[in-house]
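Take a look at the letters that make up each chain.
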Amino acid sequence: MIKFLLKTVVFVFITTLSGYAQPQFHQVKDLKVTILSTMLADQGIGEWGFCALIEVDGKKILFDTGARPETVLSNVREMKIDLSDVTDVFISHHHGDHTGGLMTLRNEFSKKNPKALSVAHIGEGAFYPRPNNKNSISPMLKNKEEYEKSGGKFIIYNSPKEIYPGVWTTGPVPRKEKEQNWSGSGKLVLPTGETVEDNIPEDQSMVFYDANGLVVVSGCGHAGIVNTLTYTQSFLNPVRTKTLIGGFHLFDLDDDRMNWTCDKLKTFGIENFIGAHCTGINAVYFIQRKLGLGRNQAIVGSVGSGFELGKGINAGQIAK
């Protein structure tokens, strides 16, 4: 018995040293998120859409591209932000209020750098036909043709993936909880030929791994904020999720659903919340109140506001 216990201890010790006992994850050291498109504007122009510039460990990634073709371009010019050194675009889902500026930005900044915005990360399902659109063609199919003709390429995800060290995409998120965060009126044609309800299956979020707490950036959160966070914890260490940024499609939830959502959010240890785009102003303050967050910890996102690791939320002027 003693020999068996000794062997067990030695095995655990050796496997721990060799990294097999627990998966090791890259950690981001520097992270800054700046909102470039949403409805409220501290700088530039507001619109119903979303876009953010992510700067992480010396790498820049554009998250979504806003709604109107010129909004983000106009805003970055006013904010004196140059996107010509940004190679990667992360597209949360196919909707026009997140993809409308793609080709304008690609065409403009590729004049200075042919590689600008030339790699687009997108979830499986974004290019599926949508019969509710004219000619049964998803708007993203037209974008795809134009984008690839310009020299850009799409990388399609159907599962979680570490894009850069410490930088993850969730890929499409399983819908375990009944969070109906989409219109319910759209139709989608699967590769099998079957026509089903369009629940935006490609919806994906970005996750930044910090051992002290994950940072999650969402475009609309059509998969559901709780589903997204639960799924994230299934493929990364179950550390708390400290910071949520972006659109979470909570604007039309009644109090019962908001209470349920907040109760679930409490279990993740949220400390910072920037609710932009389709989150809803009332929903932001509902979350602020129910999670016991201060006015500098839960804000309505505006153009120019953002978050920096180690410094917290930059609310800008109008959202203070």
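Residues numbered from 1 in each chain as written. Predicted model: local features only at pLDDT ≥ 70, side-chain atom pairs only at ≥ 80, totals over all residues. Heavy atoms only, no water.

Colleague: Would you explain the environment of Ala-315 in this entry?
Modeller: Position of Ala-315 among the secondary structure elements: in the segment after strand S19 (312–314). Placed 14 residues apart in sequence, Ala-315 and Gly-301 show a C-alpha to C-alpha distance of 7.4 Å. When residues no more than four places from it in sequence are discounted, the contact partners of Ala-315 are Ile-299, Ser-302, Ser-305 and Lys-320. (Helix = DSSP H or I, 4+ residues; strand = E, 2+ residues; numbered from the N terminus. Contact = heavy atoms within 4.5 Å.)

Colleague: Looking at this model, I keep getting lost on helix H8 (residues 281–290). Mind explaining?
Modeller: Along an α-helix, residues three or four positions apart point the same way, because every turn accommodates 3.6 residues. Turning to H8, its buried residues number three or more, namely Ala-283, Val-284, Phe-286, Ile-287 and Gln-288. A positive phi of about 65° marks Gly-292, the residue just after H8. (Buried < 20%, exposed > 50% of the residue type's maximum accessible area, 1.4 Å probe, protein only.)

Colleague: Which parts of the structure should I look at to understand the layout of surface pockets?
Modeller: Rolled over the atoms, a probe sized like a water molecule indicates the empty space that remains. Considering only enclosed or pocket space, the largest pocket measures out at about 220 Å³ in volume. Lining the largest pocket are 16 residues; nearest its centre among them are His-95, Trp-182, Ser-183, Ile-200 and His-222. Residue classes in the lining of the largest pocket are distributed as five nonpolar, eight polar and three charged. Reported here for the second largest pocket is a volume of approximately 170 Å³. Around the second largest pocket, the lining is made up of 14 residues, and of these Lys-32, Thr-34, Gly-304, Gly-306 and Asn-314 lie nearest the centre. Mapped onto the lining of the second largest pocket, the elements with two or more residues apiece are strand S1 (31–37), strand S18 (306–308) and S19. (1 Å grid on protein atoms, 1.4 Å probe; cavity = no way out; pocket = protein on both sides within 12 Å on 5 of 7 lines; lining within 4 Å. Points joined across faces, edges and corners; volume = space filled by probe spheres on them. Nonpolar A, V, L, I, M, F, W, Y, C, P; charged D, E, K, R; others polar.)

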